[in-house]
Every structure is written in structure tokens, then in C-alpha cells.
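Next come the chains, spelled out residue by residue.
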Amino acid sequence: MRVLITGATGFVGMNLMPMLEDKCPEAEILLLCRNMAKAKNLFPYKNCKICQSEDWDAARKFQPEVVLHLASLSTSRNDAEIIPELIHSNIMYGVQLLDALKEDTELRLFVNTGSFAEYRYGSESINDAYLYAATKSAFRSFAEYYSQLGGYKFVNVIPYTIYGGKPTIKRLMDYILESMDAQSPVDMTLGEQILDFTHVDDLCDFYIHLISHQNELYQVKNGGNFHVGTGVGTSIRHLATLMEQVYGKPCHINWGGRPYRDRDTMYAVAPIAKNMALLNWKAKISLKEGIEKMKNQI
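Residues numbered from 1 in each chain as written. Predicted model: local features only at pLDDT ≥ 70, side-chain atom pairs only at ≥ 80, totals over all residues. Heavy atoms only, no water.

Novice: Would you mind going over the side chain of Asn112 with me for this structure?
Specialist: Mapped onto the secondary structure, Asn112 falls in strand E5 (residues 109-113). Using a relative accessible area of 2% as the deciding quantity, one classes Asn112 as buried. Here the side chain of Asn112 touches Asn156 through a polar contact of 2.9 Å, side chain to side chain. Look past the residues within four positions of Asn112 in its chain and what remains in contact with it is His69, Phe139, Arg140, Phe154, Val155, Asn156 and Val157. (Helix = DSSP H or I, 4+ residues; strand = E, 2+ residues; numbered from the N terminus. Buried < 20%, exposed > 50% of the residue type's maximum accessible area, 1.4 Å probe, protein only. Polar contact = N/O pair within 3.5 Å; in protein donor to acceptor, adjacent residues only side chain to side chain. Contact = heavy atoms within 4.5 Å.)

Novice: I keep staring at unusual backbone geometry and nothing clicks. Help me out?
Specialist: Of note, Gln63 is a non-glycine position whose phi angle comes to about 50°, a positive value. Turning to its location among the elements, Gln63 is positioned in the loop between helix H3 (56-62) and strand E4 (66-69). We classify Gln63 as partly exposed; its relative accessible area is 35%. Positive phi values are uncommon outside glycine, yet Asn280 reaches one of about 55°. A relative accessible area of 69% means that Asn280 is categorised as exposed.

Novice: Sorry if this is basic, but what is going on with the pattern of salt bridges here?
Specialist: Summed over the entire model, instances satisfying the criterion amount to 12 salt bridges. Ionic pairing is found between Arg140 and Glu118, a salt bridge with its closest N-O pair at 3.1 Å. Taken as a pair, Arg140 in helix H5 (residues 131-150) and Glu118 in the loop between E5 and H5 lie far apart in primary sequence, 22 residues in all. A relative accessible area of 11% places Arg140 in the buried class. The class for Glu118 is buried, based on a relative accessible area of 0%. Its salt-bridge partner being Asp205, residue Lys284 comes within 3.0 Å of it at the nearest N-O pair. One end of the pair, Lys284, is in the loop between helix H9 (273-279) and helix H10 (287-297); the other, Asp205, is in helix H7 (residues 200-212), with 79 residues separating them in the sequence. (Salt bridge = Lys/Arg side-chain N within 4 Å of Asp/Glu carboxyl O.)

Right, dumping it as C-alpha cells:
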């Protein structure tokens, strides 16, 4: 199986690659990366070829059977200055990739990575919370068009609130951890958001399960969604309590010290029935177990 991956040096990709190498050692892999030196240092695998992110000739010659499109610019910014970068990273780059592969007769599956922020009011319909989410939603139309043109299956993986593994940037749990040793309380919102905290190992396992069970995808409509999470919602305040229990230290947080973001997502829990019914897949790591994994890897 030939697998092309974009965004391998990002948070999900860095955690996915070792698992993919372990569980699918027969796979031939092509990585399209901005930072080739970083990728070569991270992934010294014999079955892995690394090229520049826009080396479309290499992508065409590779003739992938599966594409995992992870590359994305994720940002909370909505200002005018970020628009060109968002459009290029989240729309134009993906369209250029799709166009480069439009004559690939070997391509069977294109897996796009979306965001739960595309579903502000629940998973039934798209209602983008942020400009970032709007660019992710916009890309779907192009992916649908090219998949019909090429005759391959296109699906969307929608990760929920991912944590753990090899970190790349500070995330919510990092700020909670820092508050435990802070001299003064850290300002946070009231913490009423109910989110589906999903360990990155579970998300990576889902990607591998998906490409290993492609026959089951014939039952899924083109452009169909797989919402990947635990199916369990936890408030940020309760998350802090769980982290106190695991780490054995109190958090120093000024709840309500910061306002909620405009159009903040107050409830985002993955509907997981489809994953279980069609793919027989379910997240394995509970939130408490995931926090314990974080503590033990420090």
C-alpha cells in the first residue's frame, strides 16, 4: 500500500508516523513536508520518502493509493492579516495536491482532516465557529469535486479536543499544569465548556484503522464524516479537578478571569455510533488514563 501524508511534522503527524511504521511496516510512505530536515530527523524509516511540501511531480510519480491530508494552519486569529496564510494553507495547498493527483488511477481513498469547530451547534450540520473552521469547511467542496473527477472515495475525519503524545504547541492542559506551580492564579474562562478530550494515540489509531478497513467505506457516502472522540463530555473545570487528582497538586486558576472567545464552542462531544457500527472502532483511552500517560511521559 502506498500512502501519501501531508503535515507529518505537525502534532498529529509526529504521533501518527511511529504507530503507522509499527502497525503497517509493509506500507510505502511519501511525506510532503515544509521542513525536510526536521522530517528526516524524526522519521528515519527505510520505507519512507521525504519531499518538499509542493513537490507535485514526486506526488504524481508516487501514485498513492491512500492520501492522509493532515497539513493545516490552526489559529484562533480572525484578523485580516491572517487571511492569506489561512487561505493558502487550508484551501489552496490542498487543492493543488488534489489537482496534482487528478490522473492517479491508483488512488482509492483521500482522507481529509476537519475540525469540530466546524460544528458549532452540533454534528448535524456545519456552522463554523471561527475563520479557521470556515476555511476547513470550504476545502470540502474542492475535495468532493476532485474525488468525483478521479473516482475515488473521499471522507472527513473530525478530531475532537486532542491532547497527549509529543507536544508541538501549548494546549489547554499545558496551561492547567503550569498553574500548579504558578506564584499567582492563572486567568482562565469560567471553564463551563464541555469538550470531548481525546488522546492523540486514539486519533492515530483511528487513521490506521480507517486505511486498514477500506472495504467498509463503500457503505459511506462520498464526503462522509467520522467524528473521532470518546463520546464523553467533560467540562474544563472538571478536567482541572482530574488533573489535580492525578498530579497530586492543586491548580491555581482564576476562573472567570478571562472572557469567553467570540462564538466560543461551549459543547463539542463526538457522536461515535457510526464509528462503532461501520468500522467496529472505539477510543480506548479514558481521560483519566490519558492524563496519567501525560504524567508518566514527563
